[in-house]
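In case you want the letters, here they are:
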Amino acid sequence: LGKKGAISALLATLGKMSPDERKVQGAAINGLKDQVSEALAARRAVLKSAALEAQLAAEALDVTLPVRQPGIESGRIHPISQVLDELITIFADMGFSIAEGPDIESDDYNFTMLNFPPGHPAREMHDTFFFQASGTNERKLLRTHTSPVQVRTMLTQKPPIRIICPGRTYRTDSDQTHTPMFHQVEGLVIDKTANMGNLKWVLEEFCKAFFEVPKVAMRFRPSFFPFTSPSMEVDIQCRRSGDDIRFGEGEDWLEILGCGMVHANVLRNCGIDPEEFQGFAWGMGIDRIAMLKYGIPDLRDFFEGDVRWLDHYGFRPLDMPTLAGGLSG
């Protein structure tokens, strides 16, 4: 059918024919042209249909499968990150700022400045990861608590001080409720009038806000920490029902943190006059209070990296905790 095709060549011969021949041959040639065109159209339709079937087979879609969620919907915030955001939200509302420090510390900042004399038996309670000593330099260690951040703050900042110190800490311990690396948050207030009443109020308000209950009973028991005097451990009222724990109700008690008035020796070591200033401090495990609030039974699961676990216990990325809208969404 093209310019140099067989049918086009036949049509070119019509000009040399007599009128009678042209009438007969023209009808025959045009009839042939129509037959070829119809055959080509039919074949083109068959090929087009085959191409469509091949494309459909290659791009098969199972409409019975669930819709794949976008990343912003399928991603999850780790419970530790969520609880850390909740802590910051609560204490920021009370006027606390955030202080951070290095994970690798000196023996001086981790122990001595905090009233742990060399050879003191309280050092053994911390199961410390020590680095090998290099030459005459002081042996470094992985911090066993975030208290060195308090020391660094008191050395560089004049009172009044109102900070919380969240971060990773390390101890050589591992079981269902302990891991070699865990998370801790400590609080410190230093001014001229800080007292036990202030400390109790801060902890009470924190527990009510964090566990999202209207009231909570707390019990303060005498204890010992080298860096505070007097020192106390704090129990919170709860009700146990199997693996479920409810706070702010019931007749049971659960220990959640340690606290006390900052020891005068610690203030002196940090260049603060204990005759003029005083303060209080507290510390708690972030992993532990996350387990209590969200019903997570095993501490080790926090660090397993199991996506199924994170899908269950994790939080939506844009559900930021606020005191007005609710901490846990």
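In what follows, the structure referred to is the one given above.
Residues numbered from 1 in each chain as written. Predicted model: local features only at pLDDT ≥ 70, side-chain atom pairs only at ≥ 80, totals over all residues. Heavy atoms only, no water.

### Examining the pattern of salt bridges
Scanning the entire structure with this criterion turns up 15 salt bridges. Residue R168 is joined to D103 by a salt bridge in which the shortest nitrogen-to-oxygen separation is 3.2 Å. In this pair, R168 is assigned in strand β4 (residues 161-170) and D103 in the loop between β1 (97-98) and β2 (104-106), connecting sequence segments 65 residues apart. Taking relative accessible area as the criterion, R168 reaches 40% and is therefore assigned partly exposed. What emerges from the salt-bridge pattern is a single network uniting R219, R221, E233, D235 and E255. (Salt bridge = Lys/Arg side-chain N within 4 Å of Asp/Glu carboxyl O. Helix = DSSP H or I, 4+ residues; strand = E, 2+ residues; numbered from the N terminus. Buried < 20%, exposed > 50% of the residue type's maximum accessible area, 1.4 Å probe, protein only.)

### Observations concerning the packing of helix α4 (residues 79-93) against helix α9 (residues 286-294)
Contact geometry of α4 with α9 gives a least axis separation of 10 Å together with a crossing angle of 100 degrees. Overall, the two elements α4 and α9 adopt an arrangement that is roughly perpendicular. Between α4 and α9, the residues in contact are I80, Q82, V83, L84, E86 and L87 and I286, D287, I289, A290, K293 and Y294, respectively. Its residues assigned to classes, the contact of α4 with α9 comprises eight nonpolar, one polar and three charged. (Axes fitted to C-alpha atoms, helices over the stretch in contact; angles between N-to-C directions. Parallel < 35°, antiparallel > 145°, perpendicular 65-115°, else oblique. Contact = heavy atoms within 4.5 Å. Nonpolar A, V, L, I, M, F, W, Y, C, P; charged D, E, K, R; others polar.)

### Structural notes on the packing of aromatic side chains
Each aromatic ring pair is characterised by the separation of its centres together with the angle its planes make. If you walk through the whole model with that rule in mind, you get 15 aromatic pairs. Through pairs of rings, three or more aromatic residues link up here, namely F91, F96, F206, F210, F211, F247, F280 and W282. In this arrangement the basic side chain of R139 is found over the ring face of F130, its NZ or CZ atom lying 4.2 Å from the centre. Seen from the ring of F220, K200 lies directly overhead, with NZ or CZ sitting 5.0 Å from the centre. (Phe/Tyr/Trp six-rings, centres within 6.5 Å; stacked < 30°, edge-to-face > 60°. Lys NZ or Arg CZ within 6 Å of the ring centre and 35° of its normal.)

### With respect to helix α7 (residues 196-210)
Look at α7: 21 Å from first C-alpha to last across 15 residues, which is about the 21 Å you get at 1.5 Å a residue. Listed as buried for α7 are L199, V202, L203, F206, C207 and F210. Looking straight down α7, one finds that the buried residues subtend no more than 125 degrees of arc, so they occupy a single side. The inward-facing, buried residues of α7 contact α4, β6 (218-225), β7 (228-241), β9 (252-262), β10 (278-285) and α9. Its side-chain oxygen at 2.9 Å from the backbone nitrogen of G197, N195 defines the N-terminal cap of α7. (Expected span 1.5 Å × (residues − 1). Arc of directions from axis to C-beta. Polar contact = N/O pair within 3.5 Å; in protein donor to acceptor, adjacent residues only side chain to side chain.)

### Concerning the pairing of β6
Looking at chain direction, β6 and β7 are connected through seven bridges and run antiparallel. Bridge pairing in β7 places R219 opposite D235. Turn length for the β6-β7 hairpin, with the two strands adjacent in sequence and antiparallel, is two residues. (Pairing = 2+ DSSP bridges.)

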